[in-house]
Amino acid sequence: MLFCDSMSKNVVVFGAAGQLGIELVQVLKHRGYTVHPFNRALVDITNLALLEETLGPLDPWAVINSAAYNQVDVAEQEPQAAYAANAMGVRNLAVSCRQMDALLVHFSTDYVFDGKLGRPYTEADRTHPLGAYAVSKLAGELYAQAYLENPLIIRTSGVFGPGGLRTARGNFVELMLRLAQSGQPIRVVEDHVASPTYAPALAAVTVDLMESPHRGVFHAGGGEPISWFDFARKIFQTAGLTPELRATNEREYRTAARRPKYSALANARLEEIGATPMPPLDEAIATYMRERARYK
């Protein structure tokens, strides 16, 4: 599937300090790319002038955007902030990549769907975002497609990776492990289904796609559709923990933002091109538990 000689190719990664960005940087370096990692403190992608000033001298072959505003509920109170980062920031990246003839790789989300189909979504299914965060992410996709002929847009779901130990917001696995230490009952929704995705596997398939001739929208969700309650149960089983886990639902656990109830992703295009399958969830959780030790 590899069509690209990585030697001497510059790749810029925005959001490099996030749990996916950390893995992307590692995979790219391992494959021989010259990697230029940036976080928001160094370069804010909503600042077009600064972005162009930064990217110009680097002359990158590819620009990867794993930066995002992902506070779903807070976005209902500050939709402009979500839109600036997730939509206008992507527009700025697309404009810059067009000027430099660079490949833009952008990560989007299962939240661009409304969750009403009751089955995993394919790339061909109609989008219908339900809130400010979701609208901003879909707008980012549209900006990338408006300014560029062949961007690579990767939708994913519930990303978790050992790099989350280094980030302020962590991930669902770390949240569950932390709550298990509290000794209090843990309530998790059982009526929302997603495709939890292991960050190192997502990073590897992303670079595979970059090195292939394939472009457009791809789904790269985890190995299986699962409710957040059942995901939590698998986490505790793998970790050998037995906290009191209680099922709740959307009616009992109200949030500021509407969320799709069944937003699992079907990796239809990845399967069509013969890409390496995403690992089964049980395997991903077990690998996570082993790998997290090197980040502690």
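Only a predicted model underlies this, so the values are computations on that prediction, with no experimental measurement involved. (Residues numbered from 1 in each chain as written. Predicted model: local features only at pLDDT ≥ 70, side-chain atom pairs only at ≥ 80, totals over all residues. Heavy atoms only, no water.)

On to the packing of helix 2 (residues 48–58) against helix 3 (residues 79–100), then. At a closest axis distance of 10 Å, the pairing of helix 2 and helix 3 adopts a crossing angle of 35°. Considering how the two elements wind past one another, helix 2 and helix 3 form a crossing that is right-handed. Counting all contacts with helix 2, which are made through Leu48, Leu51, Glu52, Leu55 and Gly56, the residues of helix 3 involved are Arg91, Asn92, Leu93, Val95, Ser96, Gln99 and Met100. Taken together, the residues of the contact of helix 2 with helix 3 break down into six nonpolar, four polar and two charged. (Axes fitted to C-alpha atoms, helices over the stretch in contact; angles between N-to-C directions. Helix = DSSP H or I, 4+ residues; strand = E, 2+ residues; numbered from the N terminus. Left-handed = near helix turned anticlockwise from the far one by under 90°. Contact = heavy atoms within 4.5 Å. Nonpolar A, V, L, I, M, F, W, Y, C, P; charged D, E, K, R; others polar.)

Let us now look at the sheet that holds strand 1 (residues 10–14). The sheet built from six strands is open, its strands ordered 2-1-3-4-5-10 with parallel pairing. In this open sheet, the two strands that pair with only one neighbour each are strand 2 (34–38) and strand 10 (216–219). Pairwise comparison of adjacent strand axes, ignoring direction, gives a mean angle of 20° for this sheet. Two elements, strand 1 and strand 2, share five bridges in a ladder whose sense is parallel. Note on strand 2: the bridge partner recorded for Val13 is Pro37. (Pairing = 2+ DSSP bridges.)

Turning our eyes to something else, we now look at the pairing of strand 1. Across the five residues that make up strand 1, a large majority, four, are buried. Following the chain from strand 1 across helix 1 (residues 19–30) to the adjacent parallel strand 2, one finds a crossover that is right-handed. In this structure, strand 1 lies alongside strand 3 (residues 62–65), joined through four bridges in parallel fashion. Bridge pairing links Val12 to Val63 in strand 3. (Buried < 20%, exposed > 50% of the residue type's maximum accessible area, 1.4 Å probe, protein only. Right-handed = clockwise from strand over helix to strand, strands pointing away.)

What follows deals with empty space enclosed by the protein. For the structure on display, the rule yields two cavities of 30 Å³ or more. One number sums up the size of the largest cavity: a volume of about 50 Å³. Looking at the largest cavity, the residues that line it are Val72, Glu76, Tyr111, Leu130, Gly131, Ala132, Tyr133, Ala134, Ala257, Arg258 and Pro260. Residues of the lining of the largest cavity, tallied by class, amount to eight nonpolar, one polar and two charged. By volume, the second largest cavity amounts to about 30 Å³. If you list the elements that add at least two residues to the lining of the second largest cavity, you get strand 9 (197–198) and helix 9 (281–291). (1 Å grid on protein atoms, 1.4 Å probe; cavity = no way out; pocket = protein on both sides within 12 Å on 5 of 7 lines; lining within 4 Å. Points joined across faces, edges and corners; volume = space filled by probe spheres on them.)

Our next topic: the nonpolar core. Within the largest apolar cluster, 49 residues are counted, with the highest numbers of intra-cluster contacts made by Leu28, Ile64, Phe160, Met210, Phe231 and Ile235. For this core, the leading source of residues is helix 6 (residues 199–210), giving seven residues. Listed in part, the 20 residues of the second largest apolar core include Val12, Ala94, Leu104 and Ala144. (Core = buried A, V, L, I, M, F, W, Y, C linked by side-chain atoms within 4.5 Å.)

Turning our attention to the pattern of salt bridges. The final tally for this structure, using the stated rule, is 11 salt bridges. Note that Arg40 and Asp44 form a salt bridge whose closest N and O atoms lie 3.7 Å from each other. Owing to a relative accessible area of 68%, Arg40 belongs among the exposed residues under this scheme. A salt bridge links Lys261 to Asp191, with the shortest nitrogen-to-oxygen separation between them at 3.4 Å. Taken together, the residues span a long stretch of sequence, with Lys261 in the loop between strand 12 (245–248) and helix 8 (268–272) and Asp191 in the loop between strand 7 (186–189) and strand 8 (193–194) at a distance of 70 residues. Accessibility expressed as a relative area gives 36% for Lys261, which makes it partly exposed. (Salt bridge = Lys/Arg side-chain N within 4 Å of Asp/Glu carboxyl O.)

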